[in-house]
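Descriptive analysis of the structure
In case you want the letters, here they are:
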Amino acid sequence: MYNALIVEDTEETSIWLKKILETAFAGIKITICTNCAETRTFIQQNTISLALVDINLPDGSGLDLITEIRQLFKDAYIITTTIFDDDDHILTALRNGANGYLLKDLAETIFIQKLRGILTGDPPLSPSIARKILHCFAESANKPSAVSTNDNIGNNHIAPTLSPREQDVLILVAKGFSRKEIAELLHLSSNTVARYIRDVYQKLNISSRAEAAVEACRMGLVGTEM
C-alpha cells in the first residue's frame, strides 16, 4: 500500500488529485500539504512512497522539495504535477529526482492511467511532455556547438562509455520494457538485467526511466518517434 503525499496549495486541485489517487490505487493513504514549510515538517516525521508535487507554492518552489524528498526517500515515486510545460521546469524536476511529470490539464481518466503505469514501470509523463523532452534533446544532439555554449535543456557533459550490452538494456528501458521483458528479449536472468540497469544508471547519473529515455535519445540510441 502506498503512503502518498500531495503538495498542492489550491484546495480544489488537491481534492481532485486525492480523488484521482484513491481511484488509481485502492486503499492508498494520502496526506495533503499546502506549502513548503508544512511539507518539510511532514517528511521529517513520516515515511512516504509516492508524492505528487506542485511547483509554484506560496513559500517556495516544489522543485526544491523534490530534491529534499529524494534525499530522504530514495525509492519514493515523485511526480511533478503542474501547469508549467517549459524546458527549464521539466529538466530541473527530472534532474532533482522526479520520476514523472504530469500536467494538470490532463483528462482525469488519462491522469489515472498514467499513475497506474507506475506499477508496470511506465514513467508517468504527459504525452506532450514526453514529446517535448525527446524533441528538445534530438535538437541538442544535432546542434553540438549550440549545446556547448548554451546550458539550456541540453546536457553538455561527455557521455560515459556504455558497453554494447548496456546500450541494449538502456534502449529497452527507455522504450518502457519491464525488467522481466528485457530479460526475456536479451536471454538474460532478471538479476543480471537488474545489475545492468544499476550500472547504466550509475554511469549516466540518472535514477528513473524518464531520465533513461532522455539519455537514450540524447545519445542517439532511440529516435523521437519512440
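Report on the accompanying structure. (Residues numbered from 1 in each chain as written. Predicted model: local features only at pLDDT ≥ 70, side-chain atom pairs only at ≥ 80, totals over all residues. Heavy atoms only, no water.)

1. Quick notes on the packing of aromatic side chains
Put simply, the rule is: Stacked, tilted and edge-to-face are the three classes applied to pairs of Phe, Tyr and Trp rings, where Trp contributes its six-membered ring and a pair requires centres within 6.5 Å; stacked means planes under 30 degrees apart, edge-to-face means over 60, and tilted covers the rest. Numbering goes from the N terminus for both helices and strands, where a helix is a DSSP run of H or I of at least four residues and a strand is a run of E of at least two.
Evaluation of the coordinates by the stated rule reveals two aromatic pairs. Each ring, one from Tyr-2 and one from Phe-25, has its centre 4.9 Å from the other, and the planes form 55°; the classification is tilted. With Tyr-2 in the segment before strand 1 (3–7) and Phe-25 in the loop between helix 1 (11–24) and strand 2 (29–33), this pair connects stretches of sequence that are 23 residues apart. Ring geometry for Trp-16 and Phe-111: centres 5.2 Å apart, planes at 80°, overall edge-to-face. Residue Trp-16 is found in helix 1, and its partner Phe-111 is found in helix 5 (residues 108–116); the two are separated by 95 residues along the sequence.

2. So, the layout of surface pockets
Worth spelling out the cut-off: The way it works is a 1 Å grid over only the protein atoms, where trapped points that fit a 1.4 Å probe form a cavity and open points with protein on both sides within 12 Å along at least five of seven lines form a pocket, and then any residue with an atom within 4 Å of a point lines it. Grid points are joined across faces, edges and corners, and a volume is the space filled by probe spheres set on the points. By the convention adopted, Pro, Cys, Tyr, Trp, Phe, Met, Ile, Leu, Val and Ala count as nonpolar, Lys, Arg, Asp and Glu as charged, and the other residues, Gly among them, as polar.
Volume-wise, the largest pocket comes out at about 520 Å³. Asn-99, Tyr-201, Ser-207, Ser-208 and Arg-209 are, among the 18 residues lining the largest pocket, the residues nearest its centre. Considering each element in turn, the lining of the largest pocket owes the most residues, four residues, to helix 10 (residues 190–204). Across the lining of the largest pocket, the residue classes break down as eight nonpolar, four polar and six charged.

3. Here we look at the nonpolar core
The line we're drawing: Nonpolar cores are built from buried Ala, Val, Leu, Ile, Met, Phe, Trp, Tyr and Cys residues. Side-chain atoms within 4.5 Å join them into one set. Relative accessible area decides the class of each residue, using a 1.4 Å probe on protein chains only: under 20% of the type maximum gives buried, over 50% gives exposed, and in between gives partly exposed. Residue contacts follow a heavy-atom distance rule, with two residues in contact if any of their heavy atoms lie within 4.5 Å.
Counting 30 residues, the largest nonpolar core has Leu-5, Ile-48, Val-53, Ile-69 and Tyr-101 as the members making the most contacts within it. Only strand 1, helix 2 (36–45), strand 3 (50–53), helix 3 (62–72), helix 4 (87–96), strand 7 (100–103), helix 6 (127–142) and helix 11 (209–218) provide two or more residues apiece to this core. The contacts of Leu-5, once residues within four sequence positions are left out, are Thr-31, Cys-33, Thr-39, Phe-42, Ile-43, Ile-48, Leu-50, Ala-51, Leu-52 and Ile-69. In this structure, Ile-6, Phe-25, Ile-30 and Ile-118 belong to the second largest nonpolar core, which totals 19 residues.

4. Re the packing of helix 9 (residues 179–186) against helix 10
Axes are the key here: two packed helices are described by the angle between their axes and the distance separating the axes. For clarity, the cut-off: Between N-to-C directions, angles span 0 to 180 degrees; the directions come from axes that are lines fitted to C-alpha atoms, helices contributing only their stretch in contact. Working definition: roughly parallel below 35 degrees, roughly antiparallel above 145 degrees, roughly perpendicular at 65 to 115 degrees, and oblique for all remaining angles.
At a closest axis distance of 9 Å, the pairing of helix 9 and helix 10 adopts a crossing angle of 105°. When the axes of helix 9 and helix 10 are compared, the pair comes out roughly perpendicular. For the pair helix 9 and helix 10, contact is made by Arg-179, Ile-182 and Ala-183 and by Ser-190, Val-193 and Ala-194, respectively. Of the residues contributing to the contact of helix 9 with helix 10, the split by class is four nonpolar, one polar and one charged.

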